[in-house]
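Structural description and commentary
Chain residues, written in single-letter form:
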Amino acid sequence: MNDHGNADRRFGLCGTKFLISAQDMDRAVAFYRDVIGLNVKTASPGWSELSFGTAIVALHGGGAGRFQKTGLSFTVDDIEAACDAVARGGGSVRSGPEDRGEEGIFLAELTDPEGNGFMMSQEKE
């Protein structure tokens, strides 16, 4: 039996994708490209992928357009400016930015134009 640190893997991990739904793919791609700053790897009506470094946000068509928590989170250098940009870009700020005390961050909860909830944080200096 293998322990977690010595797993006998028979495959090579190549990356990670974070999947969220989109009701309007063009609008979703534009938001994550123009507002968040991700790079478009591929775009089609049913499946699009945008990246930042090795992180990939994958958009799947068929979203309902209503609020849904996703767990998606971005770290930014100016959370106030980021929240303003999200609101100007068709998303909304649900809460924050809030000083999270001992966590060492400011945190905001936002929603993209498709109804997907995500977070943004900024490290305290």
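Small disclaimer: the values here were computed from a predicted structure and weren't measured. (Residues numbered from 1 in each chain as written. Predicted model: local features only at pLDDT ≥ 70, side-chain atom pairs only at ≥ 80, totals over all residues. Heavy atoms only, no water.)

1. Describing the overall build of the chain
Note the following rule: Counting from the N terminus, the helices are DSSP H or I runs at least four residues long and the strands are E runs at least two residues long. Only protein chains enter the accessibility calculation, which uses a 1.4 Å probe. A residue is then buried if its area is under 20% of the maximum for its type, exposed if over 50%, and partly exposed in between. In this analysis, two residues are considered to be in contact whenever any of their non-hydrogen atoms come within 4.5 Å of each other. Only the protein chains shown count as cover for residues, and the accessible areas themselves come from Shrake-Rupley with a 1.4 Å probe. For the purpose of counting charges, residues Lys and Arg are taken to be positive, whereas Asp and Glu are taken to be negative. His and the chain ends are not included. Taken as the charge location is NZ of Lys, CZ of Arg, CG of Asp or CD of Glu.
When you go through the chain residue by residue, the secondary structure sums to 2 helices and 8 strands. Along the chain, helices (α) and strands (β) appear in the sequence β-α-β-β-β-β-α-β-β-β when read from the amino end. C-alpha atoms of the chain, sized along the principal axes, occupy 50 × 45 × 25 Å. Across the 125 residues that make up the chain, the buried fraction comes to 33%. By sequence separation, contacts in the chain at least 24 residues apart represent 50% of the contacts at least 6 residues apart. Summed over all atoms, the accessible surface of the chain reaches about 8000 Å², with 47% contributed by carbon and sulfur. For the chain, the distance from the average site of its 12 positive side-chain charges to the average site of its 19 negative ones is 8 Å.

2. Brief notes about a negative patch on the surface
Stated precisely, the cut-off is as follows: What makes a patch is a set of residues exposed beyond 30% relative accessible area and free of salt bridges, joined within 9 Å when like-charged and within 5 Å when nonpolar (Val, Leu, Ile, Met, Phe, Trp, Tyr). Any carboxyl oxygen of Asp or Glu within 4 Å of a side-chain nitrogen of Lys or Arg constitutes a salt bridge here.
Taken together, the side chains of Asp77, Asp78, Glu80 and Asp84 define an acidic patch exposed on the protein surface. With respect to the helices, strands and loops of the structure, aspartate 77 is situated in the loop between strand 5 (68–75) and helix 2 (79–88). A relative accessible area of 72% means that aspartate 77 is categorised as exposed.

3. Topic: helix 2
Let me state the cut-off plainly: An arc is given here, and it is the one of the directions from the helix axis to the C-beta atoms. Polar contact criterion, stated in full: a pair of N or O atoms within 3.5 Å, where within protein one must be able to donate a hydrogen and the other to accept it, and residues adjacent in sequence count only if both atoms are side-chain atoms.
Every buried residue of helix 2 is listed here: Ile79, Ala82, Cys83 and Val86. Along the axis of helix 2, the buried residues cluster in a sector spanning 100°; they form a single face. Its side-chain oxygen at 3.3 Å from the backbone nitrogen of glutamate 80, aspartate 78 defines the N-terminal cap of helix 2. A positive backbone phi angle near 105° is found at glycine 90, which sits one or two residues after helix 2.

4. What to know about the packing of aromatic side chains
Given two aromatic rings, one states the distance between the centres and the angle between the planes to describe the pair. The condition that has to hold: When two rings of Phe, Tyr or Trp (its six-membered ring) have centres within 6.5 Å they constitute a pair, described as stacked for plane angles under 30 degrees, edge-to-face for angles over 60, and tilted for the intermediate range.
For the coordinates displayed, the defined rule picks out 5 aromatic pairs. Where tyrosine 32 meets phenylalanine 74, the ring centres are 6.5 Å apart and the plane angle is 40°; that geometry is what we call tilted. With tyrosine 32 in helix 1 (residues 25–36) and phenylalanine 74 in strand 5, the pair connects residues that are 42 residues apart, well separated along the chain. Note on accessibility: tyrosine 32 and phenylalanine 74 belong to one class, buried.

5. Remarks on the sheet that holds strand 3 (residues 47–52)
Applied cut-off: Strand pairing is assigned whenever DSSP detects at least two bridges linking the two strands. Only the stretch in contact is used when a helix axis is fitted, and all axes are lines through C-alpha atoms; the angle between N-to-C directions ranges over 0 to 180 degrees.
Taken in spatial order, the 4 strands make up an open sheet running 1-4-3-2, and their pairing is mixed. Lying at the two open borders of the sheet, with one neighbouring strand each, are strand 1 (16–22) and strand 2 (39–42). Ignoring which end each strand starts from, the neighbouring axes of this sheet average 30° apart. Sheet analysis places strand 2 next to strand 3, joined by 3 bridges and oriented antiparallel. Residue pairing across strands places threonine 42 opposite glutamate 49, the latter belonging to strand 3.

6. Focus: the sheet that holds strand 7 (residues 105–111)
Taken in spatial order, the 4 strands line up as 5-8-7-6 in an open sheet, and their pairing is mixed. Taken across any chain shown, the strands that pair with only one partner, and hence form the sheet edges, are strand 5 and strand 6 (92–99). Put simply, the sheet's adjacent strands are angled 20° from each other on average, direction ignored. Sheet topology note: the strand 7/strand 8 (residues 116–123) ladder contains 7 bridges and is antiparallel. In the strand pairing of strand 8, leucine 107 is matched with serine 121. Along the sheet face, helix 2 touches strand 6, strand 7 and strand 8 and points at about 5° away from the line of strand 7.

By themselves, these are just geometric observations and shouldn't be taken as functional.
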